[in-house]
Amino acid sequence: MTVGAACAAYAANAALGLAVASKTIDTSAIRWVHHALYIATCTLTGVAIAAGIGESIAVRQAERMRRRRWPRRQKQHGLSIRQRRRTSAAGWMLVPALAPLAAIPSVSARTRTHPLIALIAAPFYAAAAVVAIVALTTRSGR
């Protein structure tokens, strides 16, 4: 869920940036919208990564409990351990996107470098979205 929100925020921010760059939309009076989307993207990406780390820890603990033959609790929060492992992987896939997100504010938006740095993060968001979708749509028994 958090990975999807981070990916949606990134897509909205990229779409707005593309529209401004192609002069389809003029945001000179409301430049704060792009900045707000950037802050939302960074925040949601951080939350998705933290959720992925937390999910990894929870999956490890659940697997440890299964190995010790404690009472089985395969499904927690409606997801199997396999699905939880995949959703944690989706969060981890966003870690490399932090570098371009951190570099963007130091580059002027009027240069060619600004959109190129922003696009460096796109493959990581796309991969995380695919993994999250696969994790939530596949059945746990497979």
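Residues numbered from 1 in each chain as written. Predicted model: local features only at pLDDT ≥ 70, side-chain atom pairs only at ≥ 80, totals over all residues. Heavy atoms only, no water.

1. As for the overall build of the protein
Right, so step 1: Scanning the protein for helices and strands turns up 6 helices and 0 strands.
Right, so step 2: Secondary structure elements of the protein occur, N-terminal to C-terminal, as α-α-α-α-α-α.
Right, so step 3: With 142 residues in all, the protein has 28% of them scored as buried.
Right, so step 4: Expressed as a percentage of contacts within the protein between residues at least 6 apart in sequence, the contacts between residues at least 24 apart total 75%.
Right, so step 5: Entry remark: accessible area of the protein is about 9100 Å², with carbon and sulfur atoms responsible for 64%. (Helix = DSSP H or I, 4+ residues; strand = E, 2+ residues; numbered from the N terminus. Buried < 20%, exposed > 50% of the residue type's maximum accessible area, 1.4 Å probe, protein only. Contact = heavy atoms within 4.5 Å. Areas by Shrake-Rupley, 256 points an atom, 1.4 Å probe, with all protein chains shown as cover.)

2. Re the layout of surface pockets
Right, so step 1: Roughly 1100 Å³ of volume is contained in the largest pocket.
Right, so step 2: Looking at the largest pocket, it is lined by 30 residues, and the ones nearest its centre are Gly17, Val20, His34, Ala109 and His114.
Right, so step 3: Where the lining of the largest pocket is concerned, the elements lending two or more residues are helix 1 (2–21), helix 2 (32–67) and helix 5 (113–120).
Right, so step 4: Residue contributions to the lining of the largest pocket peak at 7 residues, all from helix 1.
Right, so step 5: For the lining of the largest pocket, the residue count by class is 17 nonpolar, 9 polar and 4 charged. (1 Å grid on protein atoms, 1.4 Å probe; cavity = no way out; pocket = protein on both sides within 12 Å on 5 of 7 lines; lining within 4 Å. Points joined across faces, edges and corners; volume = space filled by probe spheres on them. Nonpolar A, V, L, I, M, F, W, Y, C, P; charged D, E, K, R; others polar.)

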